[in-house]
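Below are the chains, spelled out letter by letter.
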Amino acid sequence: MIFGKDEERYEKIKLRVAEALKRDVGRGIVRFDRKFQKQLGVEPGDIVELIGDRTTAAIVANPHPDDRGLDIIRMDGYIRRNAGVSIGDYVTVAKAEVQEAKKVTLAPAQKGVFIQIPGDMVKQNLLGRPVMKGDLIVASSRGETYYGGSPFDELLRGLFETMPLGFGELKFVVVSTSPKGVVQITYNTEVEVLPQAVEVREEAIPEVTYEDIGGLSDAIQKIREMVELPLKHPELFERLGIEPPKGVLLYGPPGTGKTLLAKAVANEANAHFIAINGPEIMSKFYGESEERLREIFKEAEENAPSIIFIDEIDAIAPKREEVVGEVEKRVVSQLLTLMDGLKGRGKVIVIAATNRPDALDPALRRPGRFDREIEVGVPDKKGRKEILQIHTRGMPLEPDYDKETVLRVLKELLKRKAFDEEVLKKLMKRVEGARSDDEVKEILKSASEVYPEVRTRLIEGMLERIAEKTHGFVGADLAALAREAAMVVLRRLINEGKISPEHEKIPPEVLQELRVRKADFYEALKM
Ligand code: ADP
């Protein structure tokens with residue numbers, strides 16, 4: 001297909017959607033093979049239009065080396081949502097016609113969230129970003145490029161009160177743009193931030209995507225085959241004459257991501273999600289548990305495709321020998337009846353979670369019931385690093401600019417021929433002569449094309465060290481650790497008298513100091 005004006009005629013191509021690299025989430029970038037970039041007439045830094053059920057735009061970044069020769073395009077959950085596609089779908093990609101944004105109006109994506117941030121501060125985080133009306137975007141406070149752009153006062157105040165995750169990832173919906181179409185946010189753009197969510201489109205905003213889950217790529221692949229595929233394409237199973245699964249059992253220790261996994265698959269499959277909790281159904285609805293189960297299954301069928309998630313299923317359906325109560329027996333048989341009676345093949349799937357798979361009533365695990373299992377285990381070092389990456393996404397991390405490490409990184413870049421040889425060699429010389437970490441940092445900063453890459457690698461190294469030190473930690477522990485490290489920073493500033501809950505406004509210099517270092521994580525580990 002050809003489009004464009006006059007001699008500027010480029011193709012549109014279709015590429016298969018793949019998930020983003022963890023560190024790319026929220027950055028508004030896509031990665032795909034150089035060959036297709038050429039075909040489209042774009043280079044890294046250019047903007048492409050992505051057309052699925054919706055249309056959006058994104059910045060082209062360097063292809064991932066492993067993707068060479070593949071017809072895939074990597075993008076995060078926000079871009080997928082904005083383009084109306086999910087992983088594995090084909091998306092049409094074309095060079096975008098971009099105009100400079102005169103004005104962009106944003107509103108918080110979540111209802112009930114009230115924020116007051118000057119548009120200019122948000123703009124700092126979004127410079128260069130292409131947006132379209134209706135897009136969901138995230139302004140994160142991560143990274144040096146966003147220097148000076150992270151003072152999310154409101155969020156900080158929130159930290160004192162509720163200690164939410166990290167320092168801040170704020171999600172916004174683009175309410176309107178002037179001019180219309182794909183526009184790029186620049187220094188000249190006026191960014192207005194409305195204090196409250198407004199109705200732009202009725203669709204649900206993805207809350208959990210596969211990129212929010214670390215260290216579980218096998219489990220993700222399995223759940224996609226077992227749950228996402230039948231929910232999205234029941235016809236495949238019909239045609240093959242096989243039964244799609246009705247029930248999938250996730251088992252593993254608490255806090256490893258079973259609930260996350262169920263939520264993510266529901267999101268990616270665009271399925272209605274109903275979560276119930278074993279103990280709750282037994283106690284809160286005492287005497288009405290069966291009735292409640294029937295209602296849930298009815299709701300699921302009416303809103304199909306649906307996922308019913310039953311957390312701690314062992315509370316409802318323990319092994320019969322462990323059961324004394326008549327109630328449990330009745331609830332189990334009601335659950336089995338409901339599952340056996342599920343119509344509309346593959347349109348409703350029940351996902352159950354337990355950390356004691358052996359304690360389950362074997363009747364539940366017969367064919368046609370929970371006959372598939374996925375282990376969600378304790379993460380290894382690589383998994384822990386991924387999880388840390390996820391939970392520090394919105395955090396202003398600061399690596400150590402330790403001379404040896406920096407030199408090692410530069411050497412590697414040299415080997416990889418990632419940058420101009422002369423530039424790198426000169427830089428190494430200067431770094432060698434540096435007398436302090438701060439000086440190393442200043443030297444690196446002066447090489448503005450190399451600096452972000454080095455910084456990213458140093459941050460990766462920092463997370464790797466922390467991953468090494470957290471053997472046995474599950475996802476929930478690592479999330480807590482990240483929060484705690486942020487609190488270490490806050491507490492220090494409070495002790496130094498630089499911030500206090502009484503302060504009306506946190507001074508910008510102090511906000512600049514809000515950086516979380518490796519030492520803060522180590523400190524948090526001691527507690
Ligand atoms: P489970 O259902 O296995 O008990 P959850 O999915 O409820 O565990 O995890 C609790 C929290 O811990 C999550 O909301 C998330 O913040 C964090 N978490 C757990 N596992 C992971 C993981 N694999 N990747 C990222 N975060 C995780």
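Parameters and conventions
Residues numbered from 1 in each chain as written. Predicted model: local features only at pLDDT ≥ 70, side-chain atom pairs only at ≥ 80, totals over all residues. UniProt positions renumbered as here; feature names shortened; annotations may be inferred. Core = buried A, V, L, I, M, F, W, Y, C linked by C-beta atoms within 7 Å. Buried ≥ 20, exposed ≤ 12 C-beta atoms within 10 Å, placed from the backbone. Contact = placed C-beta atoms within 7 Å. Helix = DSSP H or I, 4+ residues; strand = E, 2+ residues; numbered from the N terminus. Arc of directions from axis to C-beta. Pairing = 2+ DSSP bridges. Axes fitted to C-alpha atoms, helices over the stretch in contact; angles between N-to-C directions.

- Within an unreviewed UniProt entry, the label attached to the chain reads CDC48 family AAA ATPase, and the organism entered is Thermococcus indicus.
- Quoted verbatim from the Sequence similarities (unreviewed entry) field of UniProt, the annotation for the chain is "Belongs to the AAA ATPase family. CDC48 subfamily."

Observations regarding the nonpolar core
Part 1 of the reasoning: If you look at the biggest cluster of nonpolar residues, it comprises 104 residues, and the most contacted ones within it are Val48, Leu261, Ile307 and Ile351.
Part 2 of the reasoning: For Ile351, the contacting residues outside a window of four places in its chain are Val227, Val248, Leu250, Ala262, Ile307 and Phe309.

Some words on helix H18 (residues 518–526)
Part 1 of the reasoning: The set of residues buried in H18 consists of Lys518, Asp520, Phe521 and Ala524. Buried residues of H18, viewed axially, fall in a sector of 160°; they line one side. Opposite the packed face of H18, turned more than 90 degrees from it, sit the exposed residues Ala519 and Lys526.
Part 2 of the reasoning: Tucked inside the fold, the buried residues of H18 contact helix H15 (451–468), helix H16 (475–495) and strand S22 (516–517).

Remarks on the sheet that holds strand S7 (residues 72–75)
Part 1 of the reasoning: Taken in spatial order, the six strands line up as S3-S7-S4-S6-S5-S8 and close into a barrel, and their pairing is mixed. On average, adjacent strands in this sheet sit at an angle of 45° to one another, irrespective of strand direction.
Part 2 of the reasoning: Sheet topology places strand S3 (residues 13–19) next to S7; four bridges connect them, and they run parallel. Along S7, the bridge assignment pairs Arg16 with Ile72.

Structural notes on the sheet that holds strand S14 (residues 183–184)
Part 1 of the reasoning: Within the open sheet, the three strands sit side by side as S9-S14-S11. Their pairing is mixed. This sheet does not close on itself; its edge strands, each paired only once, are strand S9 (99–100) and strand S11 (130–131).
Part 2 of the reasoning: Sheet analysis places S9 next to S14, joined by two bridges and oriented parallel. By the bridge assignment for S14, Gln99 is matched with Val183.

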